[in-house]
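# Residue-level structural notes
The residues making up each chain are set out below.
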Amino acid sequence: MTGTTAVSTRELTRVFGQGEVAVRALDSVDLEIAKGEFVVLLGPSGSGKTTLLNLIGGIDEPTSGEITVDDISLAELDGSGRTAFRRDHVGFVFQFFNLIPTLTAYENVRLITDIAGADDDAAATALDAVGLSHRVSNFPAGLSGGEQQRVAVARAVAKMPPLLLGDEPTGSLDLETGRQVLALLHRLNREQGITMLLVTHSAVIAEMADRVLKLRDGRIVDDIRVAAPKPADDLVW
Ligand SMILES: Nc1ncnc2c1ncn2[C@@H]1O[C@H](COP(=O)(O)OP(=O)(O)OP(=O)(O)O)[C@@H](O)[C@H]1O
Ligand SMILES: [Mg+2]
């Protein structure tokens, strides 16, 4: 573990259930992700992708093994420490945007920047960065799917987390809209240095990553560094 490591796991194992019905969702995973890497996580349904993301993001706790994020050992945190960790160190983007329907785009983002103690203008700046300055007063129902996902991205990055975790962030978008959201994530990675770990089912999306991890049955079975990642605009679907 050095100052250039964003995420490190050692023998990370997560078992759900007990006895005959026990499922080993993650099986002794050793992983190091460097700061600033754009990592895509591929794998069949049930291979452990969401489980890995939830553990790294401090949403779930391992059965055994270690997780270190930004030099913080998650096992050593108590409840309030974990809350602070999630608030200050990670942003999440999910397949279904999870916006609060009764709050406008601006209020959805502002809620999170206030909780994280970010600057007053952080919400507006983030919405501007995702190209939505003209939609800040809309409620989620008055936004397209792509716009809602861009609000969700703004919400996740407004507090400037060092690490962004995405669980199929383009999974419910059409191809062109998905491409725009990916281009946005790529730009945030390149310009702000935010480390990205994104789950996807799309091998095409993997072409824009610095690194592609493949999970199968709770184990990393492939770890590929991409020599020349493609810009999102060049991806052919
Ligand atoms: N809360 C839970 N209780 C019991 N089993 C679980 C739980 N969460 C996940 N599992 C099991 O752990 C395994 C890995 O699940 P996980 O959600 O990580 O897969 P995934 O790779 O994200 O799949 P998908 O692509 O379908 O989202 C699966 O067999 C799943 O059924
Ligand atoms: Mg999943």
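Each remark here, short or long, concerns the structure printed above.
I will try to describe carefully the structure that is included in this document.

Reading the values: rules and limits
Residues numbered from 1 in each chain as written. Chains lettered and ligands numbered in written order. Predicted model: local features only at pLDDT ≥ 70, side-chain atom pairs only at ≥ 80, totals over all residues. Near = placed C-beta within 6 Å. Helix = DSSP H or I, 4+ residues; strand = E, 2+ residues; numbered from the N terminus. Core = buried A, V, L, I, M, F, W, Y, C linked by C-beta atoms within 7 Å. Buried ≥ 20, exposed ≤ 12 C-beta atoms within 10 Å, placed from the backbone. Contact = placed C-beta atoms within 7 Å. Pairing = 2+ DSSP bridges. Axes fitted to C-alpha atoms, helices over the stretch in contact; angles between N-to-C directions. Parallel < 35°, antiparallel > 145°, perpendicular 65-115°, else oblique. Left-handed = near helix turned anticlockwise from the far one by under 90°. Nonpolar A, V, L, I, M, F, W, Y, C, P; charged D, E, K, R; others polar. Arc of directions from axis to C-beta.

## Remarks on the site of ligand 1
As a structural note, the neighbourhood of ligand 1 is formed by F16, G17, V23, A25, G43, S45, G46, S47, G48, K49, T50 and T51. The set of elements that each furnish at least two residues to the shell around ligand 1 consists of β2 (23–34) and α1 (49–56).

## Quick notes on the nonpolar core
With 63 residues, the main nonpolar core has L41, V109, V153 and A154 as its most contacted residues. The residues contacting L41, other than those within four sequence positions of it, are K49, L52, L197, L198, V199, L213 and L215.

## Here we look at the sheet that holds strand β6 (residues 90–93)
If you trace the six strands from one edge of the open sheet to the other, you get β6-β7-β8-β3-β9-β10, paired in mixed fashion. The open sheet has two edge strands, β6 and β10 (219–225), and neither has a second partner. With direction set aside, neighbouring strand axes in the sheet form an average angle of 15°. Across four bridges, β6 lies against strand β7 (residues 163–167) in parallel orientation. Directly across from G91, in β7, lies its bridge partner L164.

## Some thoughts on unusual backbone geometry
Of note in this structure, E11 is not a glycine but carries a positive phi near 45°. By the element assignment, E11 lies in strand β1 (residues 5–16). With 13 C-beta atoms counted inside 10 Å, the residue E11 sits in the partly exposed group. The phi dihedral of D217 falls on the positive side, at around 50°, and the residue is not glycine. Tracing the backbone through its elements, the reader meets D217 in the loop between β9 (211–216) and β10.

## What to know about helix α3 (residues 105–115)
Side chains that are three or four residues apart share a direction in an α-helix, a result of its 3.6 residues per turn. All buried positions along α3 are accounted for by A105, Y106, N108, V109, R110, I112 and T113. Along its buried surface, α3 packs onto α4 (122–129) and α5 (145–157).

## What to know about the packing of α3 against α4
Between two packed helices, the angle of one axis relative to the other and the distance separating the axes together describe the packing. For the pair α3 and α4, interaxial distance at closest approach is 8 Å and the crossing angle is 125°. The angle between the axes of α3 and α4 places the two elements in the oblique class. By crossing handedness, the relation of α3 to α4 is classed as right-handed. Along the contact surface, α3 presents A105, Y106, V109, R110 and T113, while α4 presents A122, A123, A126 and L127.

## Details of the sheet that holds β1
Ordered in space as β2-β1-β4-β5, the four strands form an open sheet in which the pairing is antiparallel. If you trace the sheet from one side to the other, it starts and ends with β2 and β5 (72–73), each paired once. Bridging between β1 and strand β4 (residues 64–69) involves five bridges; their strand directions are antiparallel. Looking at the pairing, S8 lines up with T68 of β4.

## Quick word on the packing of α5 against helix α6 (residues 175–192)
Contact geometry of α5 with α6 gives a least axis separation of 9 Å together with a crossing angle of 15°. By the angle class used here, α5 and α6 are roughly parallel. The handedness of the crossing between α5 and α6 comes out as right-handed. Of α6, the residues touching α5 (which contributes G145, G146, Q149, R150, V153 and V157) are T177, Q180, V181, L184, L185 and L188. Of the residues in the contact of α5 with α6, the class split is six nonpolar, five polar and one charged.

## Digging into α4
The complete set of buried residues in α4 reads A122, A123, A126 and L127. Buried residues of α4 fall within an arc of 130° about the axis and therefore sit on the same side. Against the buried residues of α4 lie α3 and α5. Following α4 by one or two positions, G131 adopts a phi angle in the positive range, close to 75°.

## Regarding the environment of K49
Positionally, K49 belongs in helix α1. Counting along the chain gives 168 residues from K49 to D217, while the straight-line C-alpha distance between them is 9.8 Å.

## A word on the pairing of β4
Of the pairings in the sheet, the one linking β4 to β5 comprises two bridges and is antiparallel in character. Bridge pairing in β5 links V69 to I72. Hairpin connection, β4 to β5: the antiparallel pair is bridged by two residues, and D70 has positive phi, about 50°.

So, to be careful, I would describe these as geometric facts and stop short of saying anything about function.
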